[in-house]
Each structure stands twice: as C-alpha cells, then as structure tokens.
Amino acid sequence: MWVRRETAARLALPHVAVRSVIDKMRLRDGFVFLYHRVMTPTVQGIPPQLRQLPGYRRPALFNALEYWLRMERFNQRLGELGDRFAVRMPGSGAWLGLTHPDDIGAVFRAKSDQAHFAEALRMLSPHELVTGPAAITSLDGDAHTVMRRALMPMFAGPALREYEPIIDAIAQELVVGCPTGEPTRVLRYAQRVTLKVIMTVVFGVTDRDRAARLRAAILDLTGEIGSWRFLWQIAAATTRNDGFSRPFPRIEACKAAIDAIVLEEVAERMRGGGPARDDVLGRMLAAGEDGAGLDHAALCEQLRLLLIAGHDTTATTIAWVLERLTHHPEVLAEVERTVRDDDDSYLDAVIHETLRLRPIVPFTVRLTKEPLALDGLTVPPGTLVLPHITLVQRRADIYPDPHSFRPERFLDIRPDGFSWIPFGGGIRRCIGGPLAMMETRSIVRALVQNLDIRAARRAPEAPTRTAIFSAPARGGEIIATPRPSAAVR
C-alpha cells in the first residue's frame, strides 16, 4: 500500500501522519500473518491421515522455541506422546515422530526414491550450506548410491586397520597436553585431539605451514557454526523454510579458506607423482585415476564434510563418555581394570551406552516422496518423518531402567539396528560411524591409562544444544592428575 504526498495533501493530513497510519496497518497485517502461520493452535498443516495421532495442539512457534532453546525438555514432552506423534512446526510443517523400532525399521528399509534424507535435512539443518551440494549428506537417490559406493572402501575394515595405529599414536602423544590439576572442559581438549586425528587420517598433510593454516581455517568454520549468532540464523531459516538461500558471508569465507588449502595439497600431489598415500585424500585421488573420481569442487565438499563433521561429533562423544565415567566411579574403575588387561570390550560397551543415553543429535529425518506404509498407517507423500533417536533409545521395554547408565547392556551383544541408532540407519547410516567409534575408544583408552580423572563437580551435566549437536552443558568438566607410575604409552 502506498499513498502519494499529493493524496495526503488532498486529505488535509500531514504526509508523516499518513505514513504512520500505513506503517501501523502493515505491522498489524504482519502480526496477523505471523499469528495464522505459527501461532494458531490447530491441526492446520497436519495431513488428514495424521490428525488422529497424539500431539501438542499448541502454537507451532511455541514448539519451535522449546525445540531450539530447551531441547531436552522438548524431547521429554514428546516421549509422553507414545510410539507415534504429530507436532506442528513453523516453516517445515508437521513432524511425524516415530519411537517404535518396527516403525523405524520400515523407514530405514524404504527405497531411496521413496523417502529422501538430504531433502529433509535441507529443511531443518545447515549441512548443505556448510558442506556443499555435492557432499554425500546432500545427495538422494542414485547420486547418493554412487557416492556412497565410492566412499565406503575408505571407511571399511581394511582401511580402518591402517588408520588405527596412526590414531593410537596421536592419542598417546597428546595425552601429555591434557591440562592437569584443575577443572578442565574436556570438550575443548578433545576437539584439539580429534582435529589432529582427522587431519592426519583424512587429509594427511605433511607441510607444517599448510597444516597450521588448515587447522586455523577449520577452527574458524567450526567456531562460526557453534556461535549463538549462527544458531539464531538457523532457527530463522528453518522457520522461513527457504533452504538457507540467503547469504552467509562468514560461512562462505571460512569454506573458501579450507578449499584453497585442500586444492594446494591436491595440486602438489598431482605434480609429485609417486605411489598413492593411504589417507582418505590419497584414496580419493587414486580412485580418480581409475575413472571413479570427483571433480575438484566435489572433492573439496567431501573433504570439508569429513574434516568438519568428523572431528566435532567425535569430540562431543568423547566429552560425553568422560562425563558419564567421572560421574559413575564404579564404571570408571572397571574401564581402568579392563584396559590394563588389554581388553576393550567393556570400554566399547561404555561408548555404546553413552551414545544410547546421550546421542549427539536427537533424531534423523526422511521426507516421503511416495506413500510409506507403517502398521495401520499410510504416511502421505511430502511428510517430514523423524525416527527419534533419543526416544527409541530410552524405551523401557527395550532398555529396562532406561535412564540409568549401565554399560553391561552392551557386553557381548550386537546393538539392534532399529533401537540403537546414534549413527542413523539403513542406506543413510553414517559411513564414518566405525571410524568415530575407533577414535573414541583410542583416545579414552589413552586418557584412562595415563591419568587419574574425576568429576570437577558433583552434579552430572545436562545436555545443551550447540547449533547442530547436543553437548555437555559445562563441556565435560573433569580434573585430571598424572598417574605416578604411568609413563605415556
């Protein structure tokens, strides 16, 4: 609406007064739109097939605010709704939450063209903004299948066995850098260790100047991703449902800095010739010589995904493992005993139980492209489906006394693929999951072998959210002291 100055004069009203009235009308119309878009507590936006499901019939904005600001409480509320629920959200519409293994199994078994992961992720998360459209997390259908087949050998058994001694050596070397004698946020220390591990295993850079520049560039990007500013930008983008299409200049500058260093390394290796290196970059370049390689843009995006996600998620897992151990001294004592005997089975059970109680992300996602049949329910196309990691892993009928920390649950058993899903599942299960487990095991083992650790405070740490992950509220605060009889080994 616009009123010319001449019209204001004919109405005998000051131009400023007319504009003031117009501005108030625009503001009123904006509030009306906002109210009907996100405040109306009705089933509007929930497909008819899902309206009989339990859910909170409160304004969508309230659901979104609780999700972003009080994620643990939001999960607890959802847990009261049962096996299936529909929750209205601004921007993305209704979420269909699933907490029963049978339903989750049906989603994970769906064909790649029936339920899309990347398209759903694009609606809720800045993954594609950070990694790029060619990264494996940004692909669906045949494109994802081709990329997954190309990358899987780099994270399969033979490759992991080659990475393991490298990771063990770095973990032992960096134990001496762990602060001792005072409260320490282990998340910060773990980020430093996991960054060195992932740079060595993935990138394999040997030039010290280039390694230092890459480390600084990665920390710049992860620092921006973890900022409150970016958290609010994500919340606004998901509400608008615009696919993060608006400019993010800080993110773009950080990405460009990482890519420039990656391409420097690629150019040097291609000039140098010689045998392929055993790091992930070397394997990618070797695959290119066999006709299955990536162009430079796609190569940068895959490496950026591995460098960023591969160190931050694992560092957060390590922080949670140590937080759980230091608040359960009897479990820590058993880990110390079994590790001394070169037995990692109990430590592996501790890691599995930690990821059950404290998964890094609360749910995984799919967007249905065709009708999806669950038991007694047909999910219509265009539905955002959330297999809820946190809630299925806290089911009392699967995990008795589900809120207790009991690693014995995972001794001598293989976790079920539909009720223990911290790495997702099906054809979209995280290909870096085995590497993350191995890295966590190696670093925690090195710490408990060489340091006495205890909790800095009596109270356990609650989960708090960063822009993407769920982390200990105080960063996994511990006090470590060197063992008098332990030489770093």
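Below is a short write-up of the structure. (Residues numbered from 1 in each chain as written. Predicted model: local features only at pLDDT ≥ 70, side-chain atom pairs only at ≥ 80, totals over all residues. Heavy atoms only, no water.)

Each helix and strand in the protein chain was counted, giving 19 helices and 12 strands. Scored against the burial criterion, the 489 residues of the protein chain give a buried share of 54%. By sequence separation, contacts in the protein chain at least 24 residues apart represent 72% of the contacts at least 6 residues apart. Carbon together with sulfur atoms contributes 56% to the accessible area of the protein chain, which is approximately 22,100 Å² in total. (Helix = DSSP H or I, 4+ residues; strand = E, 2+ residues; numbered from the N terminus. Buried < 20%, exposed > 50% of the residue type's maximum accessible area, 1.4 Å probe, protein only. Contact = heavy atoms within 4.5 Å. Areas by Shrake-Rupley, 256 points an atom, 1.4 Å probe, with all protein chains shown as cover.)

Attention now moves to the environment of Leu-384. Within the fold, Leu-384 resides in strand S8 (residues 384–387). In this structure, the C-alpha to C-alpha distance between Leu-384 and Lys-369, residues 15 residues apart in sequence, is 9.9 Å. In this structure Leu-384 touches Ser-92, Ala-94, Trp-95, Leu-96, Ala-120, Met-123, Leu-124, Arg-366 and Leu-367, once residues within four positions along its chain are discounted.

Within the chain, Asp-342 stands out as a residue other than glycine whose phi angle is a positive 60°. Tracing the sequence through the fold places Asp-342 in the loop between helix H16 (329–340) and helix H17 (345–357). You can call Asp-342 exposed: its relative accessible area is 70%. Positioned with a positive phi, Asp-412 is a non-glycine residue whose angle comes to about 60°. Structurally, Asp-412 can be placed in the loop between helix H18 (389–392) and helix H19 (433–450). On the accessibility criterion, Asp-412 (80% relative accessible area) is exposed.

Here strand S9 (residues 451–455) shows a buried face lined by Leu-451, Ile-453 and Ala-455 and an unburied face lined by Asp-452 and Arg-454. Pairing analysis gives 5 bridges linking S9 to strand S12 (residues 477–482), with the strands arranged antiparallel. Within S12, the position partnered with Arg-454 by the bridge is Ile-479. (Pairing = 2+ DSSP bridges.)

Here we take up a nonpolar patch on the surface. A surface patch of nonpolar side chains, amounting to about 530 Å² of accessible area, comprises Phe-62, Leu-65, Leu-69, Trp-228 and Trp-232. Listed by contribution, the elements that provide at least two residues to the nonpolar patch are helix H3 (60–69) and helix H12 (228–240). The element that contributes the greatest number of residues to the nonpolar patch is H3, accounting for 3 residues. Within the fold, Phe-62 resides in helix H3. By relative accessible area, which is 41% here, Phe-62 ends up partly exposed. (Patch = residues over 30% accessible without salt bridge, like charges linked within 9 Å, V, L, I, M, F, W, Y side chains within 5 Å. Salt bridge = Lys/Arg side-chain N within 4 Å of Asp/Glu carboxyl O.)

By themselves, these figures tell us nothing about what the structure is for.
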